[in-house]
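Structural description and commentary
Now for the letters of each chain:
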Amino acid sequence: MNENEKYKDCFKPAWWLPGAHLQTLWPTFCRRKIKNIPLQRERIELADGDFIDLNWTEENNGPIVLILHGLEGSLSSPYAKGMLYAMRARGWRGVLMHFRGCSGEMNRSVRSYHSGETEDLANIIEVLMKHNKPLAAVGFSLGGNVLLKWLGESGKNNPLQAAVAISVPFDLSKAVMRIQKGFSRVYDQHFVRMLCKKMRNKFAVLPAPIELSVLEELRTLRDFDDKITAPLHGFLNADDYYHKCSSRQFLKNISVPTLLLQAKDDPFMTEDLLPHPFELSSDVTLELTEQGGHVGFVSGSMPWRATYWLEKRVPQFLKEYL
């Protein structure tokens, strides 16, 4: 039995976090802050005049692991800092890529980022390859969708040794429908408020290519994608955006060892959103847990002993290839 087999399906949810929503929310609101991680900021200037900010753990001789955050995530996201810490503990060099406008400073161009934007990722990978170290990548939620889409687009020409994608909305249309139901509407409304605020701030200093009054009418993520994401990034509407950018259709073309980690009770998605075995290439493995919420996967016998399974499972998988 190899180490990956030993860890497979061994997630044991914390008994004191019953239900998907508590698993999802606990790390955001209750996780102890991770301190004492020396980080270095690097700004990558892009050909179109915009920029991408990276945050690196301190330099060492180990492999490089790129981390992609979720919708409106950043270095401040507990899962991002936790995974950087886990990479550092392995002797690897972690690097967090902030999508445009997510590093604390507004990006310069009218466009932003979205679930299918892979050109920026490809550019950053080219930058990382200049370090001449083995490369791997880990994507969370939206970042996982971006990562899988790029892996499928690049096929056998991909330079990564391995990849992990966590809590991925494989079918974007179904995912946005799911978060309009039940308690999940809280997440939907939270994202819409954040995104609309960002648009107002951005186009207070840049010429607005859209009528800003429409922001007052947006109630769901689907509304936002239809009126803002799609026109800003060259899609006809939300349906066109979802159809072209959902990662599910790209999984069969992935040629890099890739692990998909999903929970059946993820409040951002339904089981029919998950890919079937015939949709996966031979290099892709789906590990599906009964519980875990969305980017949660919290274990531990008591709240003050909470542990975060992803930060064990992900390095364990990557170790086989790095």
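Details of the structure are given in the entry above.
Below or above, wherever it landed, is the structure these notes cover.

Parameters and conventions
- Residues numbered from 1 in each chain as written.
- Predicted model: local features only at pLDDT ≥ 70, side-chain atom pairs only at ≥ 80, totals over all residues.
- Heavy atoms only, no water.
- Helix = DSSP H or I, 4+ residues; strand = E, 2+ residues; numbered from the N terminus.
- Rg over C-alpha atoms; globule rule 2.2 N^0.38 Å.
- Buried < 20%, exposed > 50% of the residue type's maximum accessible area, 1.4 Å probe, protein only.
- Contact = heavy atoms within 4.5 Å.
- Areas by Shrake-Rupley, 256 points an atom, 1.4 Å probe, with all protein chains shown as cover.
- Lys, Arg positive; Asp, Glu negative; His and termini not counted.
- Charge placed at Lys NZ, Arg CZ, Asp CG, Glu CD.
- 1 Å grid on protein atoms, 1.4 Å probe; cavity = no way out; pocket = protein on both sides within 12 Å on 5 of 7 lines; lining within 4 Å.
- Points joined across faces, edges and corners; volume = space filled by probe spheres on them.
- Nonpolar A, V, L, I, M, F, W, Y, C, P; charged D, E, K, R; others polar.
- Pairing = 2+ DSSP bridges.
- Axes fitted to C-alpha atoms, helices over the stretch in contact; angles between N-to-C directions.
- Polar contact = N/O pair within 3.5 Å; in protein donor to acceptor, adjacent residues only side chain to side chain.
- Parallel < 35°, antiparallel > 145°, perpendicular 65-115°, else oblique.

1. Comments concerning the overall build of the protein
Counting its regular elements, the protein contains 10 helices and 10 strands. Its C-alpha atoms give the protein a radius of gyration of 19 Å, near enough to 20 Å, the size a compact globule of 322 residues would have. Expressed as a percentage of its 322 residues, the buried residues of the protein come to 56%. Of all intrachain contacts in the protein linking residues separated by at least 6 positions in sequence, the fraction that spans at least 24 positions is 77%. Summing over all exposed atoms, the protein offers an accessible surface of approximately 14,400 Å²; the carbon and sulfur share of this is 51%. Across the protein, the 40 positively charged side chains and the 37 negatively charged ones have centroids separated by 6 Å.

2. Points about the layout of surface pockets
Size it by volume and the largest pocket reaches roughly 660 Å³. Mapped by element, the contributors of at least two residues to the lining of the largest pocket are α2 (20-30), α3 (78-89) and α7 (185-202). Its residues assigned to classes, the lining of the largest pocket comprises 14 nonpolar, 10 polar and one charged. Taken as a whole, the second largest pocket spans an internal volume of roughly 360 Å³. In this structure, the second largest pocket is lined by 19 residues; those nearest its centre are Arg31, Ile34, Ala306, Tyr308 and Glu311. If you list the elements that add at least two residues to the lining of the second largest pocket, you get α2, α3 and α10 (310-319).

3. Some points on the sheet that holds strand β2 (residues 51-57)
Across a sheet, strands are paired by hydrogen bonds formed along the backbone, either parallel or antiparallel in direction. In space, the eight strands of this open sheet follow the order β1-β2-β4-β3-β5-β6-β7-β8, with mixed pairing throughout. Two strands close off the open sheet at either side, each with one partner strand: β1 (39-45) and β8 (284-289). Averaged over all pairs of adjacent strands, the angle between strand axes in this sheet comes to 20 degrees, irrespective of strand direction. As defined by bridge partners, strand β7 (residues 258-263) adjoins β8 across six bridges and the pair is classed as parallel.

4. Things to note about the side chain of Asp50
Mapped onto the fold, Asp50 is located in the loop between β1 and β2. Separated by 2.9 Å, the side chains of Asp50 and Asn107 make a polar contact. Discounting chain neighbours no more than four positions away, the residues touching Asp50 are Ile44, Glu45, Arg100, Asn107, Arg108 and Ser109.

5. Let's talk about the packing of helix α8 (residues 221-232) against helix α9 (residues 238-245)
Contact pair α8 / α9: the axes reach a minimum separation of 8 Å and the direction vectors enclose 90 degrees. One element, α8, and the other, α9, form an angle in the roughly perpendicular class. The residues of α9 that touch α8, namely those facing Leu221, Arg222, Asp225, Asp226, Thr229 and Ala230, are Ala238, Asp239, Tyr241 and Tyr242. Along the lines of polarity and charge, the residues of the contact of α8 with α9 split into five nonpolar, one polar and four charged.

Note that all results are geometric; they support no functional claim without further evidence.
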